[in-house]
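# A look at the structure
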Amino acid sequence: MTGKLLKYSLSFLLPFFIIGNVLIAHYKGIEPEPGADSMIILGAQVIGNPAKPSRTLRERLDVAIPYLKENPNTKVIVCGGQGRKETATESSVMKSYLINNGIESQRIYEENQSTRTAHQFIYSRSLTELGKTVIVTSDFHMLRSFMLAKRSGIEDISGLPAAVGRESRETRRAFFREPLALLNSFLFDHPQPQSDKII
């Protein structure tokens, strides 16, 4: 009985992980539309005291900066509240990093309430009119982010993926974790779109 259960489990799980990772890989290669009205950079962990971006967050910021410099009319929303082990909000650390790398402070909006990806989009919509929007996140996270952005009412989107090295620990973990996270979000993450500019 145990052997049959294991066999049936593997016959489901193996195709699930293969198909999931194929879909995720497809979104790793997408390119942003030029001249976007806005950019949303999804948050990730900040470390230390004073707080600084983790490697994952720095990768996202570093890929966003050239786009923002080439598209000076694009405003940027930096996302992320403060986790239990963090000494500052992710958004405040992101804003400082962008300013220190030549992005004007008046272009930057802070979304500092969210603790989940779905909430980052909902709260971003409440800050400003988004229009044509570029989403910046880690490459393996792009498919799930697109799905949640559209569920949040953000339709006109393109992506700017931050590449994660193939041999990195994060990539190895994502191979197993992200398909499961994608399934969980597909089934249970249904953020309720709100009207723009409610704050």
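Everything quoted here is computed from the prediction, not taken from an experiment. Within every chain, residues take consecutive numbers counted from 1 along the sequence as written. Side-chain atom pairs in this predicted model are given and counted only at pLDDT of 80 or more, local residue features only at pLDDT of at least 70, and totals for whole chains, interfaces and linings cover all residues. By convention in this description, side-chain values take in all heavy atoms of the structure and omit both hydrogens and water.

### Brief notes about the environment of Asp-37
The secondary structure listing takes helices from DSSP runs of H or I that are at least 4 residues long and strands from runs of E that are at least 2 residues long, numbered from the N terminus. Structurally, the position occupied by Asp-37 is in the loop between helix H1 (2-28) and strand E1 (38-41). Taking C-alpha positions, Asp-37 is 5.5 Å from Gly-131, a pair spaced 94 residues apart along the chain. A distance of 2.7 Å separates a polar side-chain atom of Asp-37 from the backbone nitrogen of Lys-132. In the analysis that follows, any N or O atom pair within 3.5 Å is treated as a polar contact, provided that within protein one partner can donate a hydrogen and the other can accept it, and provided that, for residues neighboring in sequence, both atoms belong to side chains.

### Some remarks on the pairing of strand E6 (residues 133-138)
Whether a residue is buried, partly exposed or exposed follows from its accessible area with a 1.4 Å probe, protein chains only, as a fraction of its type maximum: under 20%, in between, or over 50%, in that order. Counting buried residues in E6 gives six out of six residues, a clear majority hidden from the surface. Pairing between two strands is assigned when DSSP locates at least 2 bridges connecting them. With four bridges connecting them, E1 and E6 associate as parallel partners. Within E6, the position partnered with Ile-40 by the bridge is Ile-135. With six bridges joining them, E6 and strand E7 (residues 157-162) adopt parallel strand pairing. When the sheet's bridge partners are listed, Ser-138 is paired in E7 with Ala-162. Running through helix H5 (residues 142-151), the crossover from E6 to the neighbouring parallel element E7 is right-handed. A crossover counts as right-handed when, viewed with the strands pointing away from the observer, the path leading from the first strand over the helix to the second turns clockwise.

### A few points about a negative patch on the surface
Among the surface-exposed residues, Glu-33, Asp-37, Glu-155 and Asp-156 lie close enough to one another that they form a single negatively charged patch. Among the residues examined, Asp-37 registers a relative accessible area of 39% and is labelled partly exposed. Only residues whose relative accessible area exceeds 30% and that form no salt bridge enter a patch; like-charged residues are grouped when within 9 Å of one another, and nonpolar side chains (Val, Leu, Ile, Met, Phe, Trp, Tyr) when within 5 Å. Computed by Shrake-Rupley with a 1.4 Å probe, the accessible areas treat only the displayed protein chains as cover when residues are assessed. Any carboxyl oxygen of Asp or Glu that lies within 4 Å of a side-chain nitrogen of Lys or Arg is treated as forming a salt bridge with it. Positive charges are assigned to Lys and Arg, negative charges to Asp and Glu, while His and the chain termini are left out of the count. Throughout, a charge is located at the NZ atom of Lys, the CZ atom of Arg, the CG atom of Asp or the CD atom of Glu.

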